[in-house]
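Below are the chains, spelled out letter by letter.
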Amino acid sequence: MIKDVFNAEEGKTVKIRGWVYRHRVLGENKVFIVIRDSTGIIQCIVKKDVVSEKVWNNAVNLYIESYVEIEGIVRKDERAPGGIELKVSNIEPIWKGFPFPIQKDLSEEFLLDVRHLWLRSRKMQAIMKARHYIMDYLREFLNNQGFYEITPPMLTKAGAEGGSDMFEIDYFGKKAYLTQSSQLYAEVMIFSLEKVYTLAPCFRAEKSRTRKHLVEFWMLEPEMAFYNQEMNMQLQEELVRYVIKKMVKEHEEIFEVLGKDVDMHKSIDKKFPRLLYEEAVNKVNELGGKMKYGDDFGADEEALLTSVYDVPVFVTNFPKEIKAFYMEEDEKRPGTVLNDDLLAPKGHGEIIGGSERIWEYDKLIKRMKELNMNTKDYEWYLDLRRYGSVPHSGFGLGVERFVKYVLDLNHIRDAIPFPRTITRLEP
Ligand code: NSS
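Residues numbered from 1 in each chain as written. Predicted model: local features only at pLDDT ≥ 70, side-chain atom pairs only at ≥ 80, totals over all residues. Heavy atoms only, no water.

A.B. asks: What am I meant to see in the packing of helix H5 (residues 122-144) against helix H7 (residues 229-250) here?
C.D. replies: Each pair of packed helices can be described by the angle between their axes along with the distance between the axes. Following both chains from N to C, one finds H5 and H7 inclined at 135°, their axes separated by 10 Å at the closest point. Taken as axis vectors, H5 and H7 run oblique relative to one another. In this structure, the crossing between H5 and H7 has a hand that is right-handed. In this structure, H5 uses Ala 130, Tyr 133, Ile 134, Tyr 137, Leu 138, Glu 140, Phe 141, Leu 142 and Asn 144 to contact H7, whose residues at the interface are Leu 235, Glu 238, Leu 239, Tyr 242, Val 243, Lys 246, Met 247 and Glu 250. Here the contact of H5 with H7 is built from residues that sort into twelve nonpolar, one polar and four charged. (Axes fitted to C-alpha atoms, helices over the stretch in contact; angles between N-to-C directions. Helix = DSSP H or I, 4+ residues; strand = E, 2+ residues; numbered from the N terminus. Parallel < 35°, antiparallel > 145°, perpendicular 65-115°, else oblique. Left-handed = near helix turned anticlockwise from the far one by under 90°. Contact = heavy atoms within 4.5 Å. Nonpolar A, V, L, I, M, F, W, Y, C, P; charged D, E, K, R; others polar.)

Here is the structure:
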């Protein structure tokens with residue numbers, strides 16, 4: 001692998017395989033080739049006067065993304081990326097292929113059209129590695145705390161979050177929906193395993209065209225028996241901090257490839273501030289926004305509010321009218337619920353939504369009726385409140401929103417390999 005060459009002794013002959021990342025014929029007798037594999041890139045130099053005619057012709061006639069095998073001598077050179085280059089003695093194309101379509105046009109639309117090829121770029125490679133590590137650390141943190149991962153269904157009969165953004169499908173002549181959230185299934189499992197989480201896709205036919213909405217996204221949904229909202233928020237704070245610290249400590253090179261400085265996370269040990277919904281609304285207005293009590297935070301309001309923080313901030317106690325049916329009312333602040341949205345700093349906005357759940361049967365039925373919900377669709381969910389119910393809480397963390405925040409990406413679509421948006425279902 002390419003990374004091994006950087007540990008090899010100077011003067012040693014090595015063999016590598018990889019894809020042509022850059023290719024430049026310099027004058028009559030030099031070719032510069034940068035080769036990439038999953039571990040990195042290396043500069044290779046071919047000089048006409050030291051290789052056979054066949055090798056020279058092989059070197060000249062390559063395309064970007066041709067797959068080649070190269071033999072060469074390791075040389076130190078400060079001008080090369082990583083300070084090492086290969087003086088090529090042999091080069092064999094294993095698959096020369098066709099001229100690569102990604103050349104001059106780097107417009108966002110075009111790169112989305114050729115997403116299946118653009119995923120090979122250094123930028124996307126770095127983000128996909130980060131996504132892998134982030135998902136791994138999220139699981140690691142929860143597993144270490146005694147959580148069980150459970151796998152929820154994607155095909156469901158009723159929505160978990162309500163609203164009009166459900167994808168309806170024909171299920172053998174009956175209506176079914178793609179899941180909006182796995183929460184209700186996570187709730188089922190706490191009565192067996194006490195602390196569980198799902199890490200699974202969610203689907204929302206959201207018409208919002210913003211830099212933070214996807215139609216198909218992944219959500220981590222922990223659910224904990226006997227947790228109140230305070231314990232719930234503490235867990236969220238520790239989880240977010242754990243993953244960010246681990247990314248900064250172990251993967252600085254990913255941030256470097258993306259041109260980002262890990263210093264942006266230097267305050268992450270600070271306690272995450274907490275604002276009541278009401279205080280947050282006032283703050284948005286102080287900062288020049290226009291909100292009234294009862295409005296939800298849009299992308300602009302979140303951007304305003306979070307622009308003044310360097311760590312994520314909790315907003316709690318939303319009016320119950322603008323939140324989901326299952327949230328427990330706060331006895332100390334009637335009309336508001338025991339919930340939190342965790343908003344990431346510097347404009348990234350909401351990454352987590354969580355709450356304490358209504359756990360008593362009578363209260364839940366009453367709330368569902370107030371909202372004119374069809375309780376028949378939720379019979380099995382109501383069973384959870386009929387038999388052995390206990391207080392519990394949980395939250396959902398949007399994986400792509402979190403990746404966007406951790407890496408400070410400009411757009412959520414780069415946090416997932418194959419983004420699904422209103423206008424895009426391909427590749
Ligand atoms: O709608 S949420 O606020 N909450 C729930 O779905 C709860 N059922 C979660 C739970 O308590 N188990 O969504 C949670 C998070 C939200 O904070 C975002 O980070 C993410 O899910 N989310 C999205 N990410 C990308 N695109 C879209 N459209 C999207 N919607 C929510």
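Now, onward.
A.B. asks: It is not clear to me how the sheet that holds strand S9 (residues 174-178) should be interpreted in this structure. Could you clarify?
C.D. replies: Strand pairing in a sheet relies on backbone hydrogen bonds. The paired strands run either parallel or antiparallel. Spatially, the three strands line up as an open sheet ordered S7-S9-S8, and their pairing is antiparallel. This sheet does not close on itself; its edge strands, each paired only once, are strand S7 (155-156) and strand S8 (168-171). (Pairing = 2+ DSSP bridges.)

A.B. asks: Explain a negative patch on the surface to me, please; I cannot follow it from the model alone.
C.D. replies: On the surface, a cluster of negative charge is contributed by Glu 252, Glu 253, Glu 256, Asp 261 and Asp 263. Position of Asp 261 relative to the elements: it lies in the loop between helix H8 (252-257) and strand S12 (274-276). According to the relative accessible area criterion, Asp 261 is partly exposed, its value standing at 48%. (Patch = residues over 30% accessible without salt bridge, like charges linked within 9 Å, V, L, I, M, F, W, Y side chains within 5 Å. Areas by Shrake-Rupley, 256 points an atom, 1.4 Å probe, with all protein chains shown as cover. Salt bridge = Lys/Arg side-chain N within 4 Å of Asp/Glu carboxyl O. Lys, Arg positive; Asp, Glu negative; His and termini not counted. Charge placed at Lys NZ, Arg CZ, Asp CG, Glu CD. Buried < 20%, exposed > 50% of the residue type's maximum accessible area, 1.4 Å probe, protein only.)

The analysis is restricted to geometry; functional conclusions fall outside its scope.
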